[in-house]
Amino acid sequence: EAGVTQSPTHLIKTRGQQATLRCSPISGHTSVYWYQQALGLGLQFLLWYDEGEERNRGNFPPRFSGRQFPNYSSELNVNALELEDSALYLCASSLVPGVNTEAFFGQGTRLTVV
Amino acid sequence: GESVGLHLPTLSVQEGDNSIINCAYSNSASDYFIWYKQESGKGPQFIIDIRSNMDKRQGQRVTVLLNKTVKHLSLQIAATQPGDSAVYFCAENDRGGKLIFGQGTELSVKP
């Protein structure tokens, strides 16, 4: 069974541009979570989607947004990129909405803003 | 504010020894806590979790202890192996689909 898959694995953008990151959850999982892992820091919660709706949001500015599609895959968009947005962005999925026990993480997308 | 933190940023142990990784948390309302292992270039991997109404839970070579009185969580790894070398994170579930992660402890196993 395929795990959580994220694309692209690496992304380089210029300050001010927009970045789009994609995530496909494990088959059957309806909840998708996004986290930011900046260098030297722990994971910071960004967004939680379930059944196409945004259920919760972390302390990030509005230029961080996303959506979930009918097939439960998800997209994270970061507008007006800033240098400090450079980080590993991780997606996770879970079978039970909002229950993170044994939530499965993808390998992440490494975003570099130059 | 809410936070989950770690006492030690790095831990170096000899192969075969037991490892203990500690974590402090501040939010008493969390219903369970989770330990993750993250190897270089990979996403976090679930190790073990414990519900807030438990004090101890054992898995394969790992034990998690929860002390709610002092808001302390620990992960014990028995007979540490080179493959255990990684960064370990504790995380707290805050019931809103959000995990609050600690900063992480890097475990290095010497052969």
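Residues numbered from 1 in each chain as written. Chains lettered and ligands numbered in written order. Predicted model: local features only at pLDDT ≥ 70, side-chain atom pairs only at ≥ 80, totals over all residues. Heavy atoms only, no water.

## Things to note about the interface of chain A and chain B
Phase 1: If you look at the interface, chain A gives 21 residues, while chain B gives 19 residues.
Phase 2: Each partner contributes to the roughly 1600 Å² buried at the junction of chain A and chain B, and carbon and sulfur atoms together form 51% of this total.
Phase 3: When the buried surface of chain A facing chain B is broken down by residue, A:Leu43, A:Asn100 and A:Phe105 rank first, second and third, together holding 29% of it.
Phase 4: The tally of links between chain A and chain B comes to 0 salt bridges.
Phase 5: Inspection of the region where chain A meets chain B yields 5 residue pairs in polar contact (both at pLDDT 80 or more).
Phase 6: At the level of secondary structure, the elements contributing two or more residues to the side of chain A that touches chain B comprise strand 4 (31-37), strand 5 (43-50) and strand 9 (87-94) of chain A. (Contact = heavy atoms within 4.5 Å. Buried area = accessible area lost by both parts, 1.4 Å probe. Salt bridge = Lys/Arg side-chain N within 4 Å of Asp/Glu carboxyl O. Polar contact = N/O pair within 3.5 Å; in protein donor to acceptor, adjacent residues only side chain to side chain. Helix = DSSP H or I, 4+ residues; strand = E, 2+ residues; numbered from the N terminus.)

## Considerations on the pairing of strand 8 (residues 72-77) of chain B
Residue and element names in this part refer to chain B.
Phase 1: Across 6 bridges, strand 3 (residues 19-25) lies against strand 8 in antiparallel orientation. Bridging from a neighbouring strand, Ile21 pairs with Leu75 of strand 8.
Phase 2: As paired strands, strand 7 (residues 62-67) and strand 8 are joined by 6 bridges and run antiparallel to one another. Across the sheet, the residue bridging to Val62 is Ile77, located in strand 8.
Phase 3: Joining the antiparallel neighbours strand 7 and strand 8 is a turn of 4 residues, in which Lys71 adopts a positive phi near 55°. (Pairing = 2+ DSSP bridges.)

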